[in-house]
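Fold and geometry: a report
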Amino acid sequence: QVQLVESGGGLVQAGASLRLSCAASGGTISEYTMGWFRQAPGKEREFVSTINWSGSSTYYADFVKGRFTISRDNAKNMVYLQMNSLKPEDTAVYYCAVRVPVTGDFGSWGRGTQVTVSS
């Protein structure tokens, strides 16, 4: 069972940038699609971005297109989310997860990392 640990969150002002990291242990993620999700207070968890196993294909929610970039380093068992031009509405706990091939669902959720953007 892969364990995921997110880091890199923090408190920033609107317009700033952050780079989130997702470290995997207990197994390799190199063969799996990985995703970033977020959950704001009082809201349901929502999809942010995915990246396929090789990094050749990425997908973004409309509200982050052009601002966020997902990437991965399979040699390091890491996934990243570069977040630029942050907005107060980006405030949330950010989670990474691995897509289970059989079901297509995402799992192995970490504890998340808090991102707070002040106006």
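What comes next concerns the included structure. (Residues numbered from 1 in each chain as written. Predicted model: local features only at pLDDT ≥ 70, side-chain atom pairs only at ≥ 80, totals over all residues. Heavy atoms only, no water.)

Some words on the side chain of R72
The residue R72 is located in strand β7 (residues 68–73) in this model. With no salt bridge to any partner, buried R72 finds its closest opposite charge in D73, at an N-O distance of 8.3 Å. A distance of 2.7 Å separates a polar atom in the side chain of R72 from the backbone oxygen of Y32. Reaching out from R72, the side chain makes a polar contact with the backbone oxygen of W53 at a distance of 3.4 Å. (Helix = DSSP H or I, 4+ residues; strand = E, 2+ residues; numbered from the N terminus. Buried < 20%, exposed > 50% of the residue type's maximum accessible area, 1.4 Å probe, protein only. Lys, Arg positive; Asp, Glu negative; His and termini not counted. Salt bridge = Lys/Arg side-chain N within 4 Å of Asp/Glu carboxyl O. Polar contact = N/O pair within 3.5 Å; in protein donor to acceptor, adjacent residues only side chain to side chain.)

What about the side chain of S49?
Looking at where S49 falls in the secondary structure, it is placed in strand β5 (residues 46–51). Assessed through its relative accessible area of 0%, S49 is described here as buried. Within the structure, the side chain of S49 is placed 2.9 Å from the backbone oxygen of Y59, a separation counted as a polar contact. When residues no more than four places from it in sequence are discounted, the contact partners of S49 are M34, G35, W36, Y59, Y60, I70 and L81. (Contact = heavy atoms within 4.5 Å.)

Here's the deal with the sheet that holds strand β8 (residues 78–83)
Strand order in the open sheet formed by 4 strands is β1-β3-β8-β7, and the pairing between neighbours is antiparallel. This sheet does not close on itself; its edge strands, each paired only once, are β1 (3–7) and β7. For this sheet the average axis-to-axis angle between neighbouring strands, irrespective of direction, equals 15°. For β7 and β8, the ladder comprises 6 bridges, and the chain directions are antiparallel. Each bridged residue has a counterpart across the sheet, and for I70 the counterpart in β8 is L81. (Pairing = 2+ DSSP bridges. Axes fitted to C-alpha atoms, helices over the stretch in contact; angles between N-to-C directions.)

Overview of the nonpolar core
Membership of the largest hydrophobic core comes to 28 residues, with the highest contact counts inside it found for W36, F68, V79, L81, M83 and Y94. Sorting the residues of this core by element identifies β3 (18–25), β4 (34–39), β5, β7, β8, β9 (92–99) and β11 (113–118) as the ones contributing at least two each. The residues contacting M83, other than those within four sequence positions of it, are A16, S17, L18, L20, R67, F68, Y94 and V115. (Core = buried A, V, L, I, M, F, W, Y, C linked by side-chain atoms within 4.5 Å.)

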